[in-house]
Amino acid sequence: MSETALAAERQGTDKAQPLVVRFAGDSGDGIQLAGYEFAKSTADARSDFMTFPDFPAEIRAPTGTLFGVSAFQIQFGADEVLTPGDRADVLVAFNPAALATNLQNLKPGGVLIVDETHFDARGLKKAKLDVNPLEDRTLDGYQVITVDVEKRTLEALKSLELGRKQAVRAKNFWVLGLVYWMFARPLGKTQDWLNVKFKKTPAVARANIMAMKAGHAYGETLEISAVPDLTAPRVAKHKGASRIISGARAMALGLAAVAALGRRDIVFCSYPITPASTLLHALARLEGGVRTFQAEDEIAAATAAIGASFAGSLGVTASSGPGLSLKTEALGLGVAVELPLIVIDVQRGGPSTGMPTKPEQSDLTMAIHGRHGEAPLPVLAPATPDDCFWIMIEAARIAIETMSPVIVLTDAYLANAASDWEIPDIDNVPDIDRPRVKPDGEGEFRPFARDPLTLARPWVAPGTPGHAHRIGGLEKAKGSGHISYDPANHAEMTRARAEKISRIADRLPAIEMEDGVQDGDILIIGWGSTHGSIAQAVKELNAEGARVSHVHLRHLWPLPRGLEALIRCFPRAVTAELNTGQLSSILRSEYLAPVTCISQVNGQPFYVSDLKAEITRRLETCVHE
Amino acid sequence: MNEMPLKPNDFGSDQEVRWCPGCGDYAILKAMKTVLADIGRSPDEIVFVAGIGCAARFPYYLSTYGFHTIHGRAAAVATGVKLANPDLDVWVVGGDGDFMSIGGNHTLHALRRNVDLNLLLFNNAIYGLTKGQYSPTSPIGTRSPSTPGGSVEQPVNPVRFALGCGAKFVARAADTLQTHLPVVLKRAHANKGASFVEILQNCLVYNDGAFGAINDRSESQEATVRLEHGQPMIFGKENDKALLFNKRTCRFEAAKIAGLENRDDIAIHDETSLERALALAALEQPDFPVPLGVIYAAEAPEFIEARGFSGTWSEWDREKLKALL
Ligand SMILES: Cc1ncc(C[n+]2csc(CCOP(=O)(O)OP(=O)(O)O)c2C)c(N)n1
Ligand code: SF4
Ligand SMILES: [Mg+2]
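Residues numbered from 1 in each chain as written. Chains lettered and ligands numbered in written order. Predicted model: local features only at pLDDT ≥ 70, side-chain atom pairs only at ≥ 80, totals over all residues. Heavy atoms only, no water.

What about the coordination of the magnesium ion (ligand 3)?
Residues and elements named next belong to chain B. Coordination of the magnesium ion (ligand 3) by the protein is provided by Asp 96 (OD), Asn 124 (OD1) and Ile 126 (O), with metal-donor distances spanning 2.1 to 2.2 Å. Within one chain, the residues serving as donors to the magnesium ion (ligand 3) are arranged as D-x27-N-x1-I. One end of the pair, Asp 96, is in helix α3 (residues 96-102); the other, Ile 126, is in strand β5 (residues 126-127), and 30 residues separate them in sequence. Judged on exposure class, the residue Asp 96 and its partner Ile 126 are both buried. (Donors = N, O, S within 2.8 Å, 3.2 Å for Na, K, Ca; no water. Helix = DSSP H or I, 4+ residues; strand = E, 2+ residues; numbered from the N terminus. Buried < 20%, exposed > 50% of the residue type's maximum accessible area, 1.4 Å probe, protein only.)

Quick look at the structure:
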């Protein structure tokens, strides 16, 4: 970059624009930790923000390898921030492999901070680089700051007499110190946090704090013209001090809320699987309300949850794609015996083991249709980390009100992405009530009698005097629930089970568009975690004069009433999905409407810029494509 | 709450029993009703959970709460029932296919965890409901529709399996032995933790006589040894035979009492000894009498209690939630 360009940049970045910062390094480098601390400091700085940890499936891949690179991205700004951003304004690369894999994520002209320590023959070889990118022209066009981070960290910690290996581990905090300096952030909170976190090993706390301070002090020594001014505070005016929350954490709190609102413990059964395990971990730490059970497999997890629901608790089970496949038979049982159950599927790239840490929305068809027999059940999808809290309460209400299993589809992105969070006002949330047993007629209790409105059957748990009854997966006679192979009864029960699910749509709020006008040129239909990218793309396109509308489905099954009419208002209706078009084919088959799809299956969230380009392209096509 | 003590028939449901006439399951049902009446707990506080199979129809025929689930998963469902409400008495019923084949994993883990469940394996050494294929407990050479030339697989011995899983209560009984079976079932119920009972059950239609003399009431004394804690292991119609424990080989040996030099050599049953239990589990017909009764019973922490769960609610409320938020 030329001197003049640098000088222009030195004026400071446009304060109105949000900034994207990305940390990338070895999965053992403490990238996620440093990124998360930076996010917390961003929350304290009262910016609006969203984060995205992008890590490999390998726990500690051999150091320096391309597949061992872990990254953490955050976008923050004064206006509402809906996504973790496309390409970064600032990239921090901890080694050659991180640079090689993440340079594509840096904007042209962006700021690149590189630890030069491992750009030797060995490090370059591990990163499969033939030439040193610090020495050829690879980095032309970026504002590059190279630092020998390891050497400086060691120097800073000399007085502590730590082993080399231990001292080097503090390098992420050295870098964080430098980054804090660049953004004029205070060190105090991170320092406090380190003291708490390493209470039992104060030497570690001290080393990290000293490294962070050294990195910060190093910033002061930098040639000022070499460093762009990133210090503009970007305070979001609409915000008070906020709390940072990930989708997984929000879900855990949502389930804790379900227990409190229902005044009965819920039973959460799960078998570890990435990226769903974080939910199990978060719930296991709660001190009440949720009884966690690490089952022997996903089948046991789902069936134990059903057992818990039979016994009067709300059973909840969580997994990812491969685990959902294993739960399938149990879900059929849940549908047949009509018990409430929440099934959380944290979707990841498939098929099979696929890409365990990468998001995809490819389980939609399985969630809606993937069971033997006619086994309809409601499917929901939260749109944001915050919504992960509310969707749990809504799923619980639907499950109990309908006496049905409910699938909640989130994904690897939503589980790990974090944003600031307005703490919910729980006093204004009504209790979750159990449907009353409505004795229908005289005589004995009829476990398969139905509420005339919701068609739900009564939920009567063992221990209830005078109501002992038997349920099972064999077809049941309507009302009595006795085993029945009567043809007409099976037809009636099959239709009743479907109608019961369909009627949920009657009780949902009317469908509302997120953005745009009813007579726009194109309707973008999204669902789940893509909310932020679509909303941002649509906002920007409309600001540029386009007429794009956006509707975002939280309810995938039954589909909301009014959706079909809305789709028919538009000359073009297009879903945007991280799959090959699952929602679009469902909408086509349900409505016979020509819905097409903007599809992405690279294991990454949508870039706003890609969406904008694609929507623009669709707008240019003739209507009947 | 009951003014009148409940009678066995109070535990029967109004459902028509659909097992083949003469099936061993009838006898087990009868014994179970007696046991439930003896225990005296209200049917409203008892749950029977079953998988799929002939045996697994069991819950339909009792007046308690019941859940006929899916093949193999009953132990897992029952674990969930207990997690939600530890105060319930929970019985799990399944066949050898249910417990040892498709559900083997869940059997293992329910036993290992020591969940307070009474697990009753109705072993007929055949898949009854699916019309007679060999099962994991069928002896080598079993001819069945899927093994017309005879099976070649080594069968699993459920008692050994249970001991290997770390079960803390392992017993064996037989369908027709109507004075013995209820005693074993009551012991299983009294145990706090996972109680595993293998019940040898005759499938009249597909595997009649699979257990030979064991559940033939008149011949059973010859083919089985009835275990009682602290009592000598004597068997035979005339009480003329006994088991001795060879400390060198750690194995039991069978002998005629008349031929013994010293009557004190007869082994005394110690149900708390895992080593003895493993040796007992190895005894099979025709060389040995099959041990019936409580083979092993040891104290161990129960899973739900160890997790600290009780009742159905941990008093978690809005105020506690707000503090968490
Ligand atoms: C997932 C699944 N696979 C297979 C079956 C078919 N099936 C039903 S019962 C059974 C085996 C029954 O044998 P067992 O458990 O020994 O019980 P029994 O009928 O002998 O009492 C099988 C294979 C099923 N119901 N579900
Ligand atoms: S098939 Fe065998 S096990 Fe099944 S009911 Fe008939 S006799 Fe009993
Ligand atoms: Mg069988």
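Structural notes on the interface of chain A and chain B
Tallying the contact residues gives 64 residues for chain A and 50 residues for chain B. A combined buried area of about 4,600 Å² lies between chain A and chain B, and 60% of that area is made up of carbon and sulfur atoms. Of all residues in chain A, the largest losses of buried area upon contact with chain B belong to A:Arg291, A:Glu296 and A:Arg470, amounting jointly to 17% of the total for that side. A:Asp427 is the partner of B:Lys322 in a salt bridge, and the nearest nitrogen-oxygen pair spans 2.9 Å. The pairing of strand β15 (residues 470-472) of chain A with strand β2 (residues 65-68) of chain B spans 3 bridges and is classified as parallel. Across the sheet, the residue bridging to A:Arg470 is B:Gly66, located in β2(B). (Contact = heavy atoms within 4.5 Å. Buried area = accessible area lost by both parts, 1.4 Å probe. Salt bridge = Lys/Arg side-chain N within 4 Å of Asp/Glu carboxyl O. Pairing = 2+ DSSP bridges.)

Comments concerning the sheet that holds strand β20 (residues 595-599) of chain A
All names here are of chain A. Spatial strand order, β17-β16-β19-β20: 4 strands in an open sheet with parallel pairing. The open sheet has two free edges, formed respectively by β17 (548-553) and β20, since each of these has just one partner strand. Across the sheet, the mean angle separating the axes of adjacent strands is 30° when strand polarity is ignored. As judged from the 6 bridges shared by strand β16 (residues 522-527) and β17, these two strands associate in the parallel manner. Across the sheet, the residue bridging to Ile 524 is His 550, located in β17. Where helix α18 (residues 531-543) meets the sheet, its contacts fall on β16, β17 and β19 (573-577), and the angle it forms with β17 comes to roughly 165°. (Axes fitted to C-alpha atoms, helices over the stretch in contact; angles between N-to-C directions.)

Looking at the site of ligand 2
Near ligand 2 you find B:Trp19, B:Cys20, B:Cys23, B:Cys54, B:Asn124, B:Gln201, B:Cys203, B:Leu204, B:Val205 and B:Tyr206, and these make up its full shell. Residues of the shell around ligand 2, tallied by class, amount to 8 nonpolar, 2 polar and no charged. (Near = heavy atom within 4 Å. Nonpolar A, V, L, I, M, F, W, Y, C, P; charged D, E, K, R; others polar.)

What to know about the nonpolar core
Residue and element names in this part refer to chain A. Core analysis: the biggest nonpolar cluster contains 162 residues, and Ile 344, Ile 525 and Ile 567 have the highest contact counts within it. Per-element accounting of this core gives the leading share, 12 residues, to helix α10 (residues 247-262). The residues contacting Ile 344, other than those within four sequence positions of it, are Met 251, Leu 255, Leu 279, Val 316, Thr 317, Ala 318, Ser 319, Met 392, Val 408 and Thr 410. (Core = buried A, V, L, I, M, F, W, Y, C linked by side-chain atoms within 4.5 Å.)

A closer look at the packing of aromatic side chains
Considering all chains together, one arrives at 18 aromatic pairs over all chains under this definition. With a centroid separation of 5.9 Å and 65° between ring planes, the pair formed by A:Phe76 and A:Phe183 is classed as edge-to-face. Residue A:Phe76 is found in strand β3 (residues 69-77), and its partner A:Phe183 is found in the loop between α7 (171-182) and α8 (188-197); the two are separated by 107 residues along the sequence. The two residues A:Phe76 and A:Phe183 agree in class, both being buried. Ring geometry for B:Trp19 versus B:Tyr26: centroids 5.6 Å apart, planes at 80°, classification edge-to-face. Residue class for B:Trp19 comes out buried when judged on its relative accessible area of 6%. On the basis of relative accessibility, which here comes to 31%, the residue B:Tyr26 falls in the partly exposed class. (Phe/Tyr/Trp six-rings, centres within 6.5 Å; stacked < 30°, edge-to-face > 60°.)

A word on unusual backbone geometry
Between A:Gly350 and A:Pro351 the backbone carries a cis peptide bond, its omega angle lying at 0°. With respect to the helices and strands, the residue A:Pro351 is situated in the loop between β11 (341-347) and α14 (364-369). Residue A:Pro558 is bonded to the preceding A:Trp557 through a cis peptide linkage, with omega at -5°. Tracing the backbone through its elements, the reader meets A:Pro558 in the loop between β18 (555-557) and α19 (563-569). Positive phi, normally seen in glycine, also occurs at A:Arg234, with a value near 55°. Of note, A:Arg234 is situated in the loop between α9 (202-221) and β7 (243-246). A positive phi angle, near 60°, is found at B:Glu315, a position not held by glycine. Looking at where B:Glu315 falls in the secondary structure, it is placed in the loop between α9 (303-306) and α10 (318-324).

Quick look at the pattern of salt bridges
All names here are of chain A. Scanning the entire structure with this criterion turns up 45 salt bridges over all chains. Note that Glu 150 and Lys 171 form a salt bridge whose closest N and O atoms lie 3.2 Å from each other. Here the residue Glu 150 occupies a position in helix α5 (residues 149-156), and Lys 171 occupies one in helix α7, the gap between them amounting to 21 residues. Glu 150 gets classed as buried once you look at its relative accessible area, which sits at 5%. Judged by relative accessible area, Lys 171 falls into the buried class, the value being 7%. Among the salt bridges present, the one from Asp 521 reaches Arg 547, with a minimum N-O distance of 4.0 Å. Residue Asp 521 is located in the loop between α17 (487-502) and β16, and its partner Arg 547 is located in the loop between α18 and β17; the two are separated by 26 residues in the primary sequence. The exposure class assigned to Asp 521 is partly exposed, which follows from its relative accessible area of 31%.

Some words on the packing of α10(A) against helix α15 (residues 385-402) of chain A
All names here are of chain A. Following both chains from N to C, one finds α10 and α15 inclined at 30°, their axes separated by 7 Å at the closest point. The angle between α10 and α15 falls in the class roughly parallel. The way α10 lies across α15 gives a crossing that is right-handed. On α15, the residues that touch Gly 247, Ala 250, Met 251, Leu 253, Gly 254, Leu 255, Ala 257, Val 258 and Leu 261 of α10 are Pro 385, Cys 388, Phe 389, Ile 391, Met 392, Ile 393 and Ala 396. Of the residues contributing to the contact of α10 with α15, the split by class is 14 nonpolar, 2 polar and no charged. (Parallel < 35°, antiparallel > 145°, perpendicular 65-115°, else oblique. Left-handed = near helix turned anticlockwise from the far one by under 90°.)

Things to note about the site of ligand 1
Every one of the 17 residues lining ligand 1 counts as a neighbour, but B:Cys54, B:Asp96, B:Gly97, B:Asp98 and B:Gly128 are closest to it. Those residues lying near ligand 1 are distributed over chains A and B. For ligand 1, an oxygen atom lies 2.9 Å from a polar atom in the side chain of B:Asp96. Against a free-state accessible area of 580 Å², the protein chains account for coverage of 76% of ligand 1. At the level of secondary structure, the elements contributing two or more residues to the shell around ligand 1 comprise α3 and β5 of chain B. In terms of residue count, α3(B) provides more of the shell around ligand 1 than any other element does, 4 residues in total. Residues of the shell around ligand 1, tallied by class, amount to 7 nonpolar, 7 polar and 3 charged. (Polar contact = N/O pair within 3.5 Å; in protein donor to acceptor, adjacent residues only side chain to side chain. Areas by Shrake-Rupley, 256 points an atom, 1.4 Å probe, with all protein chains shown as cover.)

As for the domain arrangement of chain B
Residue and element names in this part refer to chain B. Its domain assignment divides chain B into domain 1 (8-230 + 269-306) and domain 2 (232-268). Measuring from the centre of the C-alpha atoms in domain 1 to the corresponding centre in domain 2 gives 28 Å. Across the contact, 16 residues belong to domain 1 and 15 residues belong to domain 2. In total, about 1,300 Å² of surface goes out of reach between domain 1 and domain 2, with carbon and sulfur atoms giving 63% of it. Per-residue buried area on domain 1 facing domain 2 is highest for Glu 222, His 269 and Arg 276; these three make up 36% of the total on that side. Summed over the shared surface of domain 1 and domain 2, the result is 2 salt bridges. We note a salt bridge from Lys 237 to Glu 219, for which the minimum N-O separation is 3.0 Å. Scanning the region where domain 1 abuts domain 2 turns up 5 residue pairs in polar contact (both at pLDDT 80 or more). When contributions to the side of domain 1 that touches domain 2 are tallied by element, the ones reaching two or more residues are α7 (220-223), β9 (224-226) and α8 (274-281). (Domains from an automatic or database assignment.)

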